[in-house]
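Chains, contacts and geometry: an overview
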Amino acid sequence: MATQWDPPPSHPSTTVVPVGPDPAARLLVVPALAGCLVALTLGLYGRLHPPTGIAVDIVGFSSPATVKAWLATVAIAFGLVQLGSSLVMYGKLPGISAPPWIGGLHRWSGRIAFIITVIVAVHCLYALGFGTYTPRVIAHSVAGCLFFGVITVKMLALTRRGMPGWVMPLLGGLAFALLILIWFTSAFWFFSFFGFRR
Amino acid sequence: MKIAIATPVITLIVGAALAASFLFTDMQVTSVKKGDLAAATAVAPGSAAQPTAAASTGASAGAGGSPSASASASASGFVIPPHANYVGQVQGDLGSVAIVVHDTFAVAYFCNGSTQEAWFKGTPHDGNLSMTGKGNATLTASYALGHARGTVVVDGISHVFSIIAVHKPSGLFQSIAVVRGATIKAGWIVLANGTQVGSMEPNELAANPTSQAAPKLDVSSLTAQYEGTTIAVTPIDGETGSGF
């Protein structure tokens, strides 16, 4: 007697269940609004106040621009640690199980990277402002404002329980992508234009 | 658990506080430099004998750590250095440009290391320059401490640039010499990374002088070898006033 064919257990159902919006995503509304406010504030400040052309110098560098280029590069290095540690935490690196200190590494590398970007951003906004005079500068200005908006959303979202699982990877990925864009439109451009120097 | 929830917010607050303190420090430095300008302009209305007074004011007040102690402020709020050298490549890398500002006078030079070059002279106004050179060449730029940007048009080709302030040995160099009866006029731009680009007119006084690549500039001895003759080269330096 022929046995009746059973569908494989991994695909048990062909019924289409309509998926509504994830109610947990509502938790993101307030952080997202706060992030928008931060990005908008930075952009408006950078656009409306007259750039001074000067800021506090740091000893050992030839100009404020070189300071920023090197600080941004250090921030990128910590950003790469962020990317690597988050991949480990989410188990995306085959063969590597998350060590107990990985969370601490992720938090502290993130804090250091964030502080460094704040130092650079203050100088940018105060001395140079939100520029629109070349496509590179526009991209850099927009990405810079968005970066701090995304960081704000991510930090505030961390404080809320029950967020959908995609929120942190999305926000972290956005922040990292923006950081890379910011670096390529400033430090990379600077080093390729003027050469490596202090 | 409560502390673990709050830490990201603490991170944000620390970042905001740091930004605020940097901003405050920056504003202090800027106001010091603007004060310097007020003192400098009040003391030295174009007189060469007065700069010692202005310089001493700058030295006493310029505790902000910037090399340019007596920067000035324009009506728009930019802080304008009275003496500065800016060099850099134009966008697209079709040449380099140098702008040298010394008090109320500015000299600029564009060259591509071969047949295109132009010298410009002009007067700065509030950190803005609008200069003209031979053959309808024009250069417009705005500059502030550390940075200048603008557009230069030479031989009908427009180049956009965004260049940085440099100190010796980078900068602008010029040589005007008579070699075998012909007056040559050469210019070199030494970029921040030490590379140089130079063009020259082998017969500047000709009706339609042509340009060619300049011989190599020896930055240490300020000479160049042209057709077996050693020619002297003058730095055009806004910080020392050399070449003005």
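Right above here is the structure, for reference.
Rules behind the numbers
Each chain carries its own residue numbering, running from 1 in the written order of its sequence. Working convention: letters from A go to chains and numbers from 1 go to ligands, in the order in which they are written. A pLDDT threshold of at least 70 governs which residues receive local features in this predicted model, and a stricter bar of 80 or more applies before side-chain atom pairs are shown or counted, although totals over entire chains, interfaces and linings include all residues. Working from all heavy atoms in the structure, the side-chain values ignore hydrogens and water. Of the grid points, spaced at 1 Å and generated over the protein atoms alone, those admitting a 1.4 Å probe that cannot get out make up cavities, while open sets with protein on both sides within 12 Å along at least five of seven lines make up pockets; any residue with an atom within 4 Å of a point is treated as lining. Grid points are joined across faces, edges and corners, and a volume is the space filled by probe spheres set on the points. For helices the rule is a DSSP run of H or I covering at least 4 residues; for strands it is a run of E covering at least 2, with both sets numbered from the N terminus onward. As a working rule, the residues Ala, Val, Leu, Ile, Met, Phe, Trp, Tyr, Cys and Pro are called nonpolar, Asp, Glu, Lys and Arg charged, and the rest polar, with Gly in that last group. Relative accessible area decides the class of each residue, using a 1.4 Å probe on protein chains only: under 20% of the type maximum gives buried, over 50% gives exposed, and in between gives partly exposed. When DSSP locates at least two bridges between a pair of strands, those strands are taken to pair. In this description, a nonpolar core means a group of buried Ala, Val, Leu, Ile, Met, Phe, Trp, Tyr and Cys residues linked to one another through side-chain atoms lying within 4.5 Å. The contact criterion used throughout is that any non-hydrogen atoms of two residues lie within 4.5 Å. Here the positive residues are Lys and Arg and the negative ones are Asp and Glu; neither His nor the chain ends is included. One speaks of a salt bridge when a side-chain nitrogen belonging to Lys or Arg is within 4 Å of a carboxyl oxygen belonging to Asp or Glu. Any pair of N or O atoms that falls within 3.5 Å is considered a polar contact. Within protein, one atom must be able to donate a hydrogen and the other to accept it, and sequence-neighbouring residues count only if both atoms are side-chain atoms. To estimate how far a helix should extend, the number of its residues minus one is multiplied by 1.5 Å. Think of it as the arc spanned by the lines of direction from the helix axis to the C-beta atoms.

Take a probe with the size of a water molecule and roll it over the atoms, and the empty space left behind shows itself. Volume-wise, the second largest pocket comes out at about 1,100 Å³. Among the secondary structure elements, those contributing two or more residues to the lining of the second largest pocket are helix 2 (64–89), helix 3 (102–128), helix 4 (135–158) and helix 5 (167–194) of chain A together with helix 1 (2–43) of chain B. Residue contributions to the lining of the second largest pocket peak at eight residues, all from helix 5 of chain A. Of the residues that constitute the lining of the second largest pocket, the class distribution is 22 nonpolar, 12 polar and six charged.

So, about the pairing of strand 7 (residues 128–132) of chain B. All names here are of chain B. Here strand 7 shows a buried face lined by L129 and M131 and an unburied face lined by N128, S130 and T132. Pairing analysis gives five bridges linking strand 7 to strand 8 (residues 138–144), with the strands arranged antiparallel. In the strand pairing of strand 8, T132 is matched with T138. The loop that links strand 7 with its antiparallel partner strand 8 comprises five residues; one of these, G135, has a positive phi angle of about 65°.

Core analysis: the largest hydrophobic core is formed by 30 residues, its most contacted members being F147, I151, A157, V167 and L171 of chain A. Elements with a contribution of two residues or more to this core: helix 2, helix 3, helix 4 and helix 5 of chain A. Ignoring sequence-local partners within four residues, the contact set of V167 of chain A consists of L28 and A157 of chain A. Residues V90, A106, F110 and L129 of chain B belong to the second largest nonpolar core, which totals 23 residues.

All names here are of chain B. Mapped onto the elements, E117 comes out in strand 6 (residues 117–122). No salt bridge is formed by the buried E117; the nearest opposite charge belongs to K185, separated by 7.9 Å. A distance of 3.5 Å separates the side chain of E117 from the backbone nitrogen of E201, its partner in a polar contact. Side chain to side chain, E117 and S211 meet in a polar contact 2.9 Å long. In contact with E117, not counting residues within four places along its chain, are Y109, F110, C111, V154, K185, S199, M200, E201 and S211.

With that settled, consider the pairing of strand 13 (residues 196–201) of chain B. Residue and element names in this part refer to chain B. Judged by how many residues are buried, strand 13 sits mostly within the fold: five of six residues are covered. Relative to strand 13, strand 12 (residues 182–190) runs antiparallel, the two sharing six bridges. When the sheet's bridge partners are listed, A186 is paired in strand 13 with M200. By the bridge criterion, two bridges tie strand 13 to strand 14 (residues 212–213) in an arrangement that is antiparallel. Bridge pairing links M200 to Q212 in strand 14.

Below, the discussion takes up helix 1 (residues 29–48) of chain A. Residues and elements named next belong to chain A. With 20 residues, helix 1 ought to run about 28 Å at 1.5 Å a step, and its terminal C-alpha atoms sit 28 Å apart, in line with that. Residues of helix 1 that are buried: P31, G35, A39, G43 and G46. The buried residues of helix 1 all sit within an arc of 100° when viewed along its axis, so they share a single face. Residues of helix 1 that are exposed and point more than 90 degrees away from the buried face comprise L33, L37, L40 and L48. Tucked into the core, helix 1 has its buried residues touching helix 3 and helix 4.

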